[in-house]
Amino acid sequence: MPDAFIPVADEIGVLTDLTYRLLERVCREIREWPDTLTFSINLAPSQLRDPQIASRLIAILDRYGIAPQRIEVEITENALITDFGATKKVLSRLQKHGIRIALDDFGTGYASLNHLREFKLDKIKIDRSFLRGLDRGSKNEGIVRAMITLGKSLDLAITAEGIEEMSQWAHLSEWGCDFGQGYLFGKGMPAGKAKALISTGARGLKGAPRSPLRVAQL
C-alpha cells in the first residue's frame, strides 16, 4: 500500500523520479479520456523543497497536451509547515499555470487557519477518520459539518475521503460536501476497468441517493 512504500521511496531518494514516471503514464492514458475528467497526484513535503518540481510537472503536461486544469496536486498539512517559503513559491507557480491545489487528510496535521489563508488553496479533503459513526450521532458529525462550513466560507471545494457506506454519502451530500472518495465508489483498478466505471457514472451505484455528491478519485 502507498503508506508503506512511499516513505521508503522518499527516504532513499527515488520518490521524485517515481512521481514523474507516474505522471507521464497517467498523461498517456487520459489523452483518450473525456476532457471533463480530472486526476490527482500527491507531492510529499520533501518534493516541495525542490525548486524544479513545478517546471518538471508543467513540462510533462505540455509534452502530452494535457490541460493544467485537469490536474490537482494534493499535499499534506505537514507540507505547509516544513518550509513555508519554498512550499508557497512552488504551489503559487503551479496555480498560476492553472493547476489546482488540494490539502489532503485535513484535520490530522498541524496546519492552522492562517495556513489556509496564506496558501490560497483550492480544496480541502476531510480525512477518513472523521467519517466514523456519522450515522450514529457521533461527535464526528459536528466536526465534519464545521469543516464543511469552514471550507465554504473560504470558497474552497470539499472532498470527503474514506466513504464506504451509503449512509455516509447521504449525510455528506445533505451537509453540502462537493466530492466523495472511497470504496463505496470503487477501489484501485486498471485503467480499462476505471473507464468502464466512469461510463456508468455515480448513478450506476445501486440504491445511490439523488445528491450533488460526485466521485472525485477512482
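Provided above is the structure to which this section pertains.
Below is a summary of the structure that appears in this document. Computed from a prediction, not measured in an experiment: that's the story for all the values here.

Here we look at helix 3 (residues 53–64)
Between its first and last C-alpha atoms helix 3 spans 17 Å; for 12 residues at 1.5 Å apiece the expected length is 16 Å, and the two agree. If you check which residues of helix 3 are buried, you get Ile-53, Ala-54, Leu-57, Ile-58, Ile-60, Leu-61 and Tyr-64. Summarising the axial view, the buried residues of helix 3 lie within an arc of 155°, below the 170-degree limit, and thus occupy one face. Structurally, helix 3 contributes buried residues whose contacts are with helix 2 (15–30), strand 1 (39–42), strand 2 (71–76) and helix 5 (84–96). With its phi angle positive at about 70°, Gly-65 sits one or two positions after the end of helix 3.

Points about the packing of helix 2 against helix 3
Look at helix 2 against helix 3: their axes get within 9 Å of each other, and the N-to-C directions meet at 20°. Accordingly, the angle class assigned to the pair helix 2 and helix 3 is roughly parallel. The hand of the helix 2/helix 3 crossing is right-handed. Residue-level inspection shows Thr-16, Tyr-20, Leu-23, Glu-24, Cys-27 and Arg-28 of helix 2 in contact with helix 3, the latter providing Ile-53, Arg-56, Leu-57, Ile-60, Leu-61, Arg-63 and Tyr-64.

Thoughts on the environment of Gly-109
Within the secondary structure, Gly-109 sits in the loop between strand 3 (100–106) and helix 6 (113–118). Each C-alpha atom of the pair Gly-109 and Glu-164 lies 23 Å from the other, and the pair is 55 residues apart in sequence.

Regarding the pairing of strand 5 (residues 157–160)
Successive residues of a regular strand alternate their side chains across the two faces of the sheet. Sheet topology places strand 4 (residues 123–126) next to strand 5; 4 bridges connect them, and they run parallel. Note on strand 5: the bridge partner recorded for Lys-123 is Ala-157. Bridge count for strand 5 against strand 6 (residues 179–180) is 2 bridges, and the pairing is parallel. Paired with Ala-160 across the two strands is Gly-180, which belongs to strand 6.

What counts and what doesn't
- Residues numbered from 1 in each chain as written.
- Predicted model: local features only at pLDDT ≥ 70, side-chain atom pairs only at ≥ 80, totals over all residues.
- Heavy atoms only, no water.
- Helix = DSSP H or I, 4+ residues; strand = E, 2+ residues; numbered from the N terminus.
- Expected span 1.5 Å × (residues − 1).
- Buried < 20%, exposed > 50% of the residue type's maximum accessible area, 1.4 Å probe, protein only.
- Arc of directions from axis to C-beta.
- Contact = heavy atoms within 4.5 Å.
- Axes fitted to C-alpha atoms, helices over the stretch in contact; angles between N-to-C directions.
- Parallel < 35°, antiparallel > 145°, perpendicular 65-115°, else oblique.
- Left-handed = near helix turned anticlockwise from the far one by under 90°.
- Pairing = 2+ DSSP bridges.

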